[in-house]
Amino acid sequence: MELMEAMKGRRSVRRFQDRLVPKEMIENILGVMEYSPNAGNRNSIRTIVLTNRDEIDYIGKAHTTVINNFNKGVMTLPSEEEIEKSPSAFHNAPTVLALFGPKNFYFSSADAYILAQNIALAAYEQGVSTCIVGEVLNSMGTEKGQSLQKAFGIPENFAPQVYVTMGYCQGNYPKRLPRHYAPVIYR
Ligand SMILES: Cc1cc2nc3c(=O)[nH]c(=O)nc-3n(C[C@H](O)[C@H](O)[C@H](O)COP(=O)(O)O)c2cc1C
């Protein structure tokens, strides 16, 4: 597939079939890690492929709670009760990639988002749908989130930077939303 065709055709998908993307295909898609630009070529992003429903739901619900609170100006960590009541930011995705970066590295976020887009394009080429879900503050900052992070083998000085949900599109493939950028200025 031509690059422009992938860039034009990829859409954010938020409804997925109840079917896992085979591990070999995910490995193949993650081959883009070898080619993605990253600051200083430090290769500091650590990727976790989540397929456990409870883990996906916990982080997805925590993400929604943190973002809703953030939008209300509340920066404190959410309670487990609040998290439990929230819908998941990951919708019903069967697979979620969590991209972690060092907290003290200026370009963690940039590295992770660039990689996320490359993953999304490579996935699209393989017929796999994705949605980039941006991180705000730290959805895994709660005690439970931190113990999950420890179980993933990710050190405390790392934080999730972005997530990529992944699966097979359920229903109609989304239409392209028109863009409304300010005109580019050439001087
Ligand atoms: C930085 C960033 C953060 C995003 N966060 C979310 C998110 O939290 N939830 C979501 O459903 N989509 C999220 N998206 C997907 C955008 O909503 C989507 O790219 C946009 O609506 C354009 O649609 P398209 O990707 O289908 O072209 C995010 C995309 C980017 C680039």
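Above this text sits the structure in question.
Just so it is clear, the structure is predicted and the values come from calculations on it, not from any experiment.

1. Some words on the site of the ligand
Turning to step 1, where the next piece is worked out: Around the ligand, the surrounding shell consists of Arg 10, Arg 11, Ser 12, Arg 14, His 91, Tyr 113, Cys 131, Ile 132, Val 133, Gly 134, Leu 177 and Arg 179.
Turning to step 2, where the next piece is worked out: Contact distances for the ligand include 2.6 Å between an oxygen atom and a side-chain N or O atom of Ser 12.
Turning to step 3, where the next piece is worked out: Arg 14 is positioned such that a nitrogen or oxygen atom in its side chain is 2.6 Å from an oxygen atom of the ligand.
Turning to step 4, where the next piece is worked out: For the ligand, the protein covers 62% of the area, taking 620 Å² as the surface of the free molecule.
Turning to step 5, where the next piece is worked out: The element best represented in the shell around the ligand is strand β3 (residues 129–134), accounting for 4 residues.

2. So, the packing of helix α3 (residues 53–71) against helix α6 (residues 143–151)
Turning to step 1, where the next piece is worked out: α6 packs onto α3 with a crossing angle of 135 degrees between their chain directions and a minimal axis gap of 11 Å. If you check the angle between α3 and α6, you find them oblique. Along this stretch, α3 crosses α6, giving a crossing that reads as left-handed. Residues Glu 55, Tyr 58 and Ile 59 of α3 touch α6, and the partners they reach there are Lys 144, Gly 145 and Leu 148.
Turning to step 2, where the next piece is worked out: In terms of residue class, the contact of α3 with α6 is made up of 3 nonpolar, 1 polar and 2 charged.

3. Re α3
Turning to step 1, where the next piece is worked out: Relative to the 27 Å expected for 19 residues at 1.5 Å per residue, α3 spans 27 Å between its end C-alpha atoms, a close match to the ideal helical length.
Turning to step 2, where the next piece is worked out: All buried positions along α3 are accounted for by Ile 56, Tyr 58, Ile 59, Gly 60, Lys 61, Ala 62, His 63, Thr 64, Thr 65, Val 66 and Asn 69.
Turning to step 3, where the next piece is worked out: Check the buried side of α3 and you find it contacts β1 (46–50), α4 (80–85), β2 (95–102), β3, α6 and β4 (158–167).
Turning to step 4, where the next piece is worked out: With a side-chain oxygen positioned 2.9 Å from the backbone nitrogen of Asp 54, the residue opening α3 is Asn 52.

4. Focus on the pattern of salt bridges
Turning to step 1, where the next piece is worked out: In total, this model carries 3 salt bridges according to the counting rule given.
Turning to step 2, where the next piece is worked out: Two residues, Lys 23 and Glu 27, come together in a salt bridge whose shortest N-O distance is 4.0 Å. Placement of the pair is Lys 23 and Glu 27 together in helix α2 (residues 23–29), with a separation of 4 residues, close to one helical turn.
Turning to step 3, where the next piece is worked out: With its nearest N and O atoms 2.9 Å apart, the salt bridge here joins Arg 53 to Asp 57. Pair noted here: Arg 53 and Asp 57 are both in helix α3, with a separation of 4 residues, about one helical turn.

5. Considerations on the state of the cysteines
Turning to step 1, where the next piece is worked out: Scanning all chains against the criterion turns up 0 disulfides.
Turning to step 2, where the next piece is worked out: Here Cys 169 is not cross-linked by a disulfide; its sulfur's nearest cysteine counterpart is in Cys 131, at 11 Å.
Turning to step 3, where the next piece is worked out: Classification of Cys 169 by relative accessible area gives buried; the value is 16%.

6. Examining the nonpolar core
Turning to step 1, where the next piece is worked out: By size, the foremost hydrophobic cluster in this structure holds 24 residues, and its most contacted members are Leu 50, Ile 59, Phe 90, Phe 100, Phe 152 and Tyr 163.
Turning to step 2, where the next piece is worked out: Broken down by element, the residue count for this core peaks at 4 residues, all from α3.
Turning to step 3, where the next piece is worked out: Beyond its immediate chain neighbours, meaning those up to four positions away, Phe 90 contacts Ile 56, Ile 59, Gly 60, Val 96, Val 133, Tyr 163 and Thr 165.
Turning to step 4, where the next piece is worked out: Counting 19 residues, the second largest nonpolar core, distinct from the first, contains Val 21, Ile 45, Ala 116 and Val 164.

What counts, and where the lines are drawn
Residues numbered from 1 in each chain as written. Predicted model: local features only at pLDDT ≥ 70, side-chain atom pairs only at ≥ 80, totals over all residues. Heavy atoms only, no water. Near = heavy atom within 4 Å. Polar contact = N/O pair within 3.5 Å; in protein donor to acceptor, adjacent residues only side chain to side chain. Areas by Shrake-Rupley, 256 points an atom, 1.4 Å probe, with all protein chains shown as cover. Helix = DSSP H or I, 4+ residues; strand = E, 2+ residues; numbered from the N terminus. Axes fitted to C-alpha atoms, helices over the stretch in contact; angles between N-to-C directions. Parallel < 35°, antiparallel > 145°, perpendicular 65-115°, else oblique. Left-handed = near helix turned anticlockwise from the far one by under 90°. Contact = heavy atoms within 4.5 Å. Nonpolar A, V, L, I, M, F, W, Y, C, P; charged D, E, K, R; others polar. Expected span 1.5 Å × (residues − 1). Buried < 20%, exposed > 50% of the residue type's maximum accessible area, 1.4 Å probe, protein only. Salt bridge = Lys/Arg side-chain N within 4 Å of Asp/Glu carboxyl O. Disulfide = S-S within 2.5 Å. Core = buried A, V, L, I, M, F, W, Y, C linked by side-chain atoms within 4.5 Å.

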